[in-house]
Amino acid sequence: MREVMTKAMARNIFYGGSIFFILIFLGLTIHSHLYIVNTSTAATPLTDSVARGKRVWERHACINCHTLHGEGAYFAPEVGNVMTRWGVVEKPDDAFETLKGWIEAQPTGIAGRRQMPRFHLTDEEIRDLANFLIWADKTDTKGWPPNDAG
Amino acid sequence: MKYESQKIAYAYFLVAMILFVVQVSGGLLAGWIYVSPNTLSEIVPFNVVRMLHTNSLVVWLLLGFFGAAYFVIPEEAEREIHSPKLAYLQLAILVLGTAGVVVTYLFDLFNGNLLLGKDGREFLEQPLWVKVGIVVAALMFLYNISMTVLAGRKTAITNVLLIGLWGIAIFFLFAFYNPHNLSLDKMYWWYVVHLWVEGVWELVMASILAYLMLKLTGVDREIVEKWLYVIVATSLFTGILGTGHHYYWIGTPGYWQWIGSIFSSLEVIPFFLMMVFSFVMVWKGSRDHPNKAALLWSLGTTTLAFFGAGVWGFMHTLHGVNYYTHGTQITAAHGHLAFFGAYVSLNLAIFTYAFPILKNRDPYNQVLNMSSFWLMSGGMAFMTFVLTFAGTVQTHLQRVMGQNYMEVQDQLSIFYLMRFGAGVAVVLGAVLFVFAILVPKREVVAPGPDAKLSPAE
Ligand code: HEM
Ligand code: HEM
Ligand SMILES: [Fe+2]
């Protein structure tokens, strides 16, 4: 390598090239940001309820058992499409009822089965959570997951 | 020890090793919950155990990096650390934050409080006050080492190390941005997670590795440093746009499927180069350094990083493959070997190299240390294999055949049992490592008569 390149050349390539790629990345970030806001998540309005629902999701660290759009923990099912799986993605009231029934049935206590903890949520929180999951479900995720199993 | 202030590293490495043992014990518990799911389910649910496992991992790796910087920089810059007091204060803040995190998670304190309660985004669950503490500590650290380097000799090693450490702090700032829009949240979340492990952390890894090679093999600095720049150039050229491999299915534009696939495939190059670099240096080197255990860990880290990050990363990085494997046990398999190979082993390499020097004695715990290398690496490799099998079966049944998630999981129990067994080996290895570093007062197996030792460096 000694003949082909000096240390100073290697250093300058490192600096110059990195700046080049950072700039491209920043440009694509701006475009992607606008695309998310205006296109892929524009199908359903991001209401206050959806925003509150996201907070409920975070406060209880649901992501450390479940995946959401395939990211998170692998201990429990994907929830990015759970509203589709339950057949309630177009019916917010049914979504609320189904989710409420689910949350309040936990933990099942069945021996040898993974347990979801009991979260003590108010009806309003459950409604927000359902709206958040419907909102997420309607995001354009380029056809992922491959099927309803998630 | 040439410089008194290198001693700071001792305290950092000690805390890091304690958290390392906590981390793997937490992993073992999480692995046991997979086997016997009712364990502690109403007292400490799986998500809490998992947060403790992953957060303690990241904290101890960072503490190890900080300690390594305090150890390496005085020698490279040829002067004492600007302010040792500040360095200890920084450690105290980090320890306080860590304790705060553990208590907050375990007892779910201040749930919902914006400042004090946990903030449940994966890996960034720390309450806001802890995040602020981390930034304060990082600023103290950067000030301290930057002042030291600016006033002293500037080498490629300190240069790349500083850029890496500044990058860690800068990208962490994205942890404070949590938009209501989930897809935006996810896009910027990867600025912390991906641009750390596949960007700036690689700079830290490469520079510490370069330092170790310089010391252990005695190869010319010019050669080592040229390699260093070439390696980190390939890291950033591929890793920045490689972020695209996380932008396939989260609401980001379709062009990421191509950009992500192409650039993240090229991310294998820096890991391959680091492996080649370490073996070539050892081959060319004239020095027969007595710390064979440090050499083993140094070669181990580049090899295992190549497999964990490079090979296992490539396995699921093309978007056509990732469509099926995304978020399965395949991801867990890769996450484990990549973190272990690249960053755990790197830290254990520098600990192994530094401790005899910090304690001002010969490296005489090597046989135990080297056994711990094989025990841990064997355990992690086995864990990676069984999770890969589990993930393959899962991908096929769930993603191709469309079987229900929980039904599929029931069919994977044998793999989870084997993962637990592998975890036991890893925990034993970790404990053995800490023991070998801290306790023995002499070599446990006497070296053979041929072992001509040159003086320690
Ligand atoms: C030492 C470097 C690396 C570390 C520590 C690392 C670690 C991880 C971790 C922990 C995850 C899971 C993140 C989550 O929770 O969602 C992940 C995901 C991923 N990594 Fe890496 N990785 C490294 C390098 C690489 C490389 C070089 C490649 C490609 C060649 C790669 C490809 C991927 C892909 C495609 C995913 C997404 C998996 C999915 O879709 O579920 N990684 N990595
Ligand atoms: C005793 C050994 C270990 C066991 C039994 C173990 C077990 C586990 C388990 C059960 C999970 C949760 C996976 C899920 O969400 O379903 C996990 C996650 C994780 N562990 Fe470990 N672990 C061990 C050691 C380690 C080590 C040494 C490292 C670092 C090198 C590590 C890094 C991680 C990471 C990064 C995640 C998050 C993975 C992701 O999001 O893809 N673990 N571990
Ligand atoms: Fe990545």
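Residue indices begin from 1 for each chain and proceed along its sequence in written order. Whichever chain is written first becomes A and whichever ligand is written first becomes 1, with later ones labelled in order. pLDDT decides what is reported in this predicted model: residues at 70 or higher carry local features, side-chain atom pairs at 80 or more are listed and counted, and totals for whole chains, interfaces and linings draw on all residues regardless. Side-chain numbers come from the whole structure's heavy atoms, not from hydrogens or water.

Turning to the overall build of chain B, a few remarks are in order. By the criteria applied, helices consist of DSSP H or I runs no shorter than four residues and strands consist of E runs no shorter than two, each listed in order from the N terminus. Of regular secondary structure, chain B possesses 15 helices and zero strands. Only C-alpha atoms enter the radius of gyration; for comparison, a globular chain is expected to reach 2.2 Å times N to the power 0.38, where N is the number of residues. For a compact globule of 457 residues, the expected C-alpha radius of gyration is about 23 Å, and chain B comes in at 22 Å, within 12% of that figure. For chain B, the C-alpha atoms occupy an extent of roughly 65 × 45 × 45 Å along the three principal directions. Residue exposure (1.4 Å probe, protein chains only): buried if accessible area is under 20% of the type maximum, exposed if over 50%, otherwise partly exposed. Residues classed as buried in chain B amount to 63% of the 457 residues present. Considering only contacts in chain B between residues 6 or more positions apart, those separated by 24 or more positions represent 83%. To measure how exposed things are, a 1.4 Å probe is used in the Shrake-Rupley method; for residues, cover is taken only from the protein chains shown. Carbon and sulfur atoms form 73% of the exposed surface of chain B, whose accessible area is close to 16200 Å². Counting rule applied: Lys, Arg positive; Asp, Glu negative; His and chain ends not counted. Lysine's charge is taken at NZ, arginine's at CZ, aspartate's at CG and glutamate's at CD. Of the charged side chains in chain B, 24 are positive and 24 negative, and the gap between their average positions amounts to 6 Å. Between two residues, a contact is recorded if the distance between any of their heavy atoms is within 4.5 Å.

Consider each residue's heavy atoms; a residue with any of them within 4 Å of a molecule or strand counts as near. In the vicinity of ligand 1 lie 26 residues, with Asn322, His326, Gly327, Thr331 and His334 of chain B positioned nearest. Chains contributing residues to the immediate surroundings of ligand 1 are chains A and B. Measuring from an oxygen atom of ligand 1, one finds a backbone N or O atom of Gly327 of chain B at 2.7 Å. Polar contacts here mean pairs of N or O atoms no more than 3.5 Å apart (in protein, one a potential hydrogen donor and the other a potential acceptor; neighbouring residues in sequence count only if both atoms are side-chain atoms). A distance of 2.7 Å separates an oxygen atom of ligand 1 from a polar side-chain atom of Thr331 of chain B.

Moving on: the site of ligand 2. For ligand 2, the set of nearby residues contains 28 residues, the closest of which are Tyr74 of chain A together with Tyr34, Arg50, His53 and His336 of chain B. Here an oxygen atom of ligand 2 and a side-chain polar atom of Tyr74 of chain A are 2.8 Å apart. When residues of the shell around ligand 2 are traced back to their parent elements, those giving at least two are helix H1 (8–35), helix H2 (46–77), helix H12 (329–358), helix H13 (366–400) and helix H15 (413–438) of chain B. Here the shell around ligand 2 takes seven residues from H1 of chain B, the largest share from any one element.

What follows covers the coordination of the iron atom of ligand 2. Residues and elements named next belong to chain B. The coordination sphere of the iron atom of ligand 2, as far as protein atoms go, consists of His53 (NE2) and His336 (NE2), spread over 2.0 Å. In this description, a donor is an N, O or S atom within 2.8 Å of the metal centre, a cutoff extended to 3.2 Å for sodium, potassium and calcium. Water is not part of the atom list, which can make sites seem incomplete. Every angle between 85 and 135 degrees makes a four-donor site tetrahedral, while opposite donors more than 155 degrees apart, with all other angles between 65 and 115, make a four-donor site square planar and a six-donor site octahedral; other sites are irregular. With six donor atoms in place around the iron atom of ligand 2 and angles of 85 to 180 degrees between them, the coordination shape is octahedral. Of this pair, His53 sits in helix H2 while His336 sits in helix H12, and the two are 283 residues apart along the sequence.

Only residues whose relative accessible area exceeds 30% and that form no salt bridge enter a patch; like-charged residues are grouped when within 9 Å of one another, and nonpolar side chains (Val, Leu, Ile, Met, Phe, Trp, Tyr) when within 5 Å. Note on definitions: salt bridges are taken to be side-chain nitrogens of Lys or Arg within 4 Å of carboxyl oxygens of Asp or Glu. Taken together, the side chains of Val102, Val103, Leu106, Phe107, Leu109 and Phe110 of chain B present a nonpolar region at the surface, about 500 Å² in accessible area. Mapping Phe107 of chain B onto the fold places it in helix H3 (residues 84–107).

All names here are of chain B. Bound to the iron ion (ligand 3) are the protein donor atoms His194 (ND1), Glu198 (OE), His245 (NE2) and His246 (NE2), situated 2.1 to 2.2 Å from the metal. If you look at the iron ion (ligand 3), its four donor atoms make angles of 81 to 149 degrees with each other, and the shape they trace is irregular. Along the chain, the residues donating to the iron ion (ligand 3) are arranged with the sequence spacing H-x3-E-x46-H-H. Between the iron ion (ligand 3) and the iron atom of ligand 1 the interatomic distance amounts to 4.3 Å. Of this pair, His194 sits in helix H6 (residues 182–217) while His246 sits in the loop between helix H7 (221–242) and helix H8 (255–266), and the two are 52 residues apart along the sequence. As far as burial versus exposure is concerned, His194 and His246 are alike and both buried.

Let us look at the domain arrangement of chain B. When the parts come together, some accessible area is lost, and that loss is often what is quoted as the size of the interface. Residue and element names in this part refer to chain B. Boundary definitions for the domains trace back to an automatic or database domain assignment. As far as domains go, chain B holds domain 1 (1–153) and domain 2 (211–438). For domain 1 and domain 2, the distance between their C-alpha centroids amounts to 20 Å. Taken residue by residue, the interface counts 31 residues in domain 1 and 35 residues in domain 2. Note: buried area is the sum, over both parts, of the accessible area (probe 1.4 Å) each one loses when the two are combined. Counting each side, the surface lost to burial between domain 1 and domain 2 is near 2900 Å², with a carbon and sulfur contribution of 78%. Per-residue buried area on domain 1 facing domain 2 is highest for Met17, Tyr34 and Phe71; these three make up 21% of the total on that side. Linking domain 1 with domain 2 are two salt bridges. One can count six residue pairs in polar contact (both at pLDDT 80 or more) joining domain 1 with domain 2. Those elements giving two or more residues to the side of domain 1 that touches domain 2 turn out to be H1 and H2. It is H1 that provides the largest number of residues to the side of domain 1 that touches domain 2, a total of 15 residues.

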